[in-house]
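# An overview of the molecular structure
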Amino acid sequence: MSVRLSDAPWLVNASVRAVFEAIAVEGDAARVVGGAVRNALLGEPVGDIDIATTAEPVTVAARARAAGLKAIPTGIDHGTITVVSDGIPYEVTTLREDVETFGRHAVVRFSRDWAADAARRDFTMNALYVDPDGAIHDPTGVGHADCLARRVRFIGDPGARIAEDYLRILRFFRFHAHYGSGAIDEAGLSAVIAARDGLRKLSAERIGHEMLKILPAPHAVETVEAMAETGIIEIVAGGVMRLEDFAHLDHLTEFAPEARDAVLRLAALTCFVEEDVERLSDRLRLSNAQQKRMADALAASHGFSAVLDDLAVREKLYRLGHHTAIDAALLAWCRDEAGPEDQGWRRLVITLRNADMPAFPVAGRDLLALGMKPGPQVGEQLRAIEAHWISSGFTLSRTELLDGIGVEPGSPRGSGAGG
Ligand code: ATP
Ligand code: MG
């Protein structure tokens, strides 16, 4: 009567079988653990496959290599070997118990005890194991039921578990945002509040990584609200949170899937002026590309409104590019009163999505060919021609544009453009 996942493609394909066959020999066992099992039970897409085994890391590596698989000692100290089979990497981790923990760094002992391995994991739904034949093992006894009920609960005493590793505060919110249902677990929430100052011990990178995973989640709005009510978001991000705008952006997602993006969501939630972008990028150690994206979207957002005419919208598209223009429009929309049904905003976003990016048909060398001398005036003339072209609704051809300018050979003077 036990539930099985015996037909799950990720459990029966040749790639994962090769790993099991290599490792689970001579009295050792191997089971898939964590996210893959949880997601399979919830009907969510299964990503990386993590494997737990009784075999010690050196043995895992040796057996994998003997079977012709690649073995990379990713985190051999805490027991993880990455085994690559058919090009797919599997993190194979030896069962362990945390003997001592200091915030993030645990002294570990390898073990053969599945219950001890489960006990050191964070949430009951993350401590489920599945055998190569599909049988599910639930050492905490409540993980399976919690998973199906979408209940994100710490294993053991929440306060003690958080004190071992403050990252679990953010993981608590992250897993609730993705897989939770109903109210956030009370005991977890109280423990998180009591321990929140521990967040200050975490690196900016880790915090940023978790935040960016929370924001696009299905229950991000209520989760971020809970993080605000408990003072967590303040510690993480500082400054003023724009919860309503964030909720609004979330509501736009059905019409505009682009609004699901984590970086755009972060901008909506936390960035109102340029300084906010810098502060956030620093506090969450965002990449230069992420920072630039927020800054560009924010700067351009001020130019968008639901009443822009078509030509103005296409000019935005031309000047900003698809990506920034859509970011900026959604950011402006979420700051606006108009809801997801608003026809003006909808039309604007649809235009940005579908309009071809016009290509300016004139280049500097065209002006030089007409006899203009190289120099700054070439750029000026080009910009004037471009403005003329834009105001024609991007319709004037290269010949029409060049015919109109009347450059005299050897003279920087031009006329006709822009009129
Ligand atoms: P995702 O889909 O985000 O990868 P996941 O459950 O696989 O979800 P990982 O961060 O890949 O999450 O971790 C794999 C497993 O390792 C988790 O399911 C959990 O059992 C355990 N784990 C990871 N990080 C922690 C932590 N900080 N404290 C306790 N257990 C953890
Ligand atoms: Mg994982």
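Residues numbered from 1 in each chain as written. Chains lettered and ligands numbered in written order. Predicted model: local features only at pLDDT ≥ 70, side-chain atom pairs only at ≥ 80, totals over all residues. Heavy atoms only, no water.

### Comments concerning the confidence of the model for the protein
The cut-off we apply is this: Every residue carries a pLDDT, the predictor's confidence in it, which falls somewhere between 0 and 100. Two residues qualify as a contact provided that any one of their heavy atoms is within 4.5 Å of a heavy atom in the partner residue.
Looking at the protein, the pLDDT average stands at 92 and 94% of residues meet or exceed 70. Low pLDDT, under 50, characterises residues 408-419; the predicted model gives this stretch 29 contacts beyond four residues in sequence or across chains.

### Digging into the side chain of R168
Heads up, the condition is: By the criteria applied, helices consist of DSSP H or I runs no shorter than four residues and strands consist of E runs no shorter than two, each listed in order from the N terminus. Relative accessible area decides the class of each residue, using a 1.4 Å probe on protein chains only: under 20% of the type maximum gives buried, over 50% gives exposed, and in between gives partly exposed. Polar contacts here mean pairs of N or O atoms no more than 3.5 Å apart (in protein, one a potential hydrogen donor and the other a potential acceptor; neighbouring residues in sequence count only if both atoms are side-chain atoms).
If you trace the backbone, R168 turns up in helix α8 (residues 167-179). Looking at R168, the relative accessible area reads 7%, which means it is buried. Within polar-contact distance, the side chain of R168 engages the backbone oxygen of R161 at 2.7 Å. When neighbours within four sequence positions are excluded, R168 is seen to be in contact with R120, D122, F123, F154 and R161.

### Quick word on the pairing of strand β4 (residues 80-85)
Rules: The rule for pairing is simple: two strands pair if DSSP sees at least two bridges between them.
Counting buried positions along β4 gives six out of six residues, so the element sits mostly inside the fold. A two-sided burial pattern is seen for β4, the buried positions comprising T80, T82 and V84 on one face and I81, V83 and S85 on the other. As defined by bridge partners, strand β3 (residues 70-75) adjoins β4 across four bridges and the pair is classed as antiparallel. Directly across from G75, in β4, lies its bridge partner T80. Where β3 hands over to β4, the hairpin turn is made up of four residues, of which G79 adopts a positive phi near 95°. Taken together, the six bridges between β4 and strand β5 (residues 88-94) define a ladder with antiparallel strand orientation.

### Examining the site of ligand 1
Note the following rule: Residues are labelled near a given molecule or strand when at least one of their non-hydrogen atoms is within 4 Å of it. Areas reported as accessible are Shrake-Rupley estimates using a 1.4 Å probe. Residue values count occlusion only from the protein chains shown.
Close contacts around ligand 1 come from 14 residues, with R38, D165, R168, R171 and R174 the closest. The separation between an oxygen atom of ligand 1 and a polar main-chain atom of G35 is 3.4 Å. Take R38: an N or O atom from its side chain is 2.7 Å from an oxygen atom of ligand 1. Alone, ligand 1 offers 590 Å² of accessible surface; in the complex the protein occludes 74% of this. Elements with a minimum of two residues in the shell around ligand 1: α3 (35-42) and α8. Looking at which element gives the most residues to the shell around ligand 1, the answer is α8, with four residues.

### Some points on a negative patch on the surface
Put simply, the rule reads: A patch consists of residues exposed above 30% relative accessible area that lack any salt bridge, with like charges linked at up to 9 Å and nonpolar side chains (Val, Leu, Ile, Met, Phe, Trp, Tyr) linked at up to 5 Å. What counts as a salt bridge is simple: a side-chain nitrogen of Lys or Arg found within 4 Å of a carboxyl oxygen of Asp or Glu. His is not counted, nor are the chain ends; Lys and Arg add positive charge and Asp and Glu add negative charge. Taken as the charge location is NZ of Lys, CZ of Arg, CG of Asp or CD of Glu.
A cluster of acidic residues, E274, E275, E278 and D282, forms a negative patch at the surface. One can find E274 in helix α15 (residues 274-283).

### What to know about the state of the cysteines
In plain terms, the rule: We call a pair of cysteine sulfur atoms a disulfide when they lie within 2.5 Å.
Within the structure shown, the criterion is met by zero disulfides. C271 supplies the cysteine sulfur nearest to C334, a cysteine that is in no disulfide, at a spacing of 11 Å.

### Here we look at the environment of A115
Note on placement: A115 falls in helix α5 (residues 114-119). Judged by relative accessible area, A115 falls into the partly exposed class, the value being 42%.

### Quick notes on the packing of α8 against helix α10 (residues 204-214)
To keep things clear, this is the line we draw: The convention used is that axes are lines fitted to C-alpha atoms, helices contributing only their stretch in contact, and that angles between N-to-C directions extend from 0 to 180 degrees. Convention used here: angles under 35 degrees read as roughly parallel, angles over 145 as roughly antiparallel, angles from 65 to 115 as roughly perpendicular, and any remaining angle as oblique. Two helices cross in a left-handed way if the nearer one is turned anticlockwise from the farther one by less than a right angle. They cross in a right-handed way if the turn is clockwise. We call Asp, Glu, Lys and Arg charged. Ala, Val, Leu, Ile, Met, Phe, Trp, Tyr, Cys and Pro are nonpolar, and the rest, Gly among them, are polar.
For the pair α8 and α10, interaxial distance at closest approach is 9 Å and the crossing angle is 15°. With respect to α10, the axis of α8 lies roughly parallel. Note that α8 runs across α10; the crossing there is left-handed. Contacts from L167, L170, R171, F173, R174, A177 and H178 in α8 reach R206, I207, E210, K213 and I214 in α10. Of the residues that constitute the contact of α8 with α10, the class distribution is six nonpolar, one polar and five charged.

### Details of the nonpolar core
To be explicit about the condition: Here, nonpolar core refers to any group of buried Ala, Val, Leu, Ile, Met, Phe, Trp, Tyr and Cys residues whose side-chain atoms link them within 4.5 Å.
Counting residues in each nonpolar core, the largest one holds 110 residues, and the members touching the most others are V32, I51, F304 and L330. The biggest single contributor to this core is helix α17 (residues 310-335), with eleven residues. Here I51 is in contact with V16, V19, F20, A30, R31, V32, V33, Y90, E91, V92 and T93, once residues within four sequence places are set aside. Of all hydrophobic cores here, the second largest spans 13 residues; its members include M372, V378, L382 and I390.

### Focus: the packing of aromatic side chains
Stated precisely, the cut-off is as follows: Planes of paired rings set the category: under 30 degrees apart is stacked, over 60 is edge-to-face and the rest tilted, where pairs are Phe, Tyr or Trp rings (Trp by its six-membered ring) whose centres lie within 6.5 Å. As a reminder, the over-ring test applies to NZ of lysine and CZ of arginine, requiring each to be within 6 Å of the ring centre and within 35 degrees of the ring normal.
Taken as a whole and judged by the stated rule, the model has 13 aromatic pairs. A centroid spacing of 4.8 Å and a plane angle of 55° characterise the contact between F123 and F154, whose relative ring orientation is tilted. Pair noted here: F123 is in the loop between α5 and β8 (129-130) and F154 is in the loop between α6 (143-148) and α7 (158-164), with a separation of 31 residues, a long-range link. The exposure class assigned to F123 is buried, which follows from its relative accessible area of 0%. Overall, the relative accessible area of 6% leaves F154 in the buried class. Ring centres of W389 and F394 lie 4.9 Å apart, and the angle between their planes is 85°; on these two criteria the pair is classed as edge-to-face. For the pair W389 and F394, a shared accessibility class is recorded, and that class is buried. An aromatic cluster is built from F123, F154, F172, F173, F175 and Y179, whose rings are joined through pairwise contacts. Residue placement shows R31 over the ring face of W114; its charged tip is 4.0 Å from the ring centre. Positioned above the aromatic ring of F255, the side-chain terminus of R353 is 5.4 Å from the ring centre.

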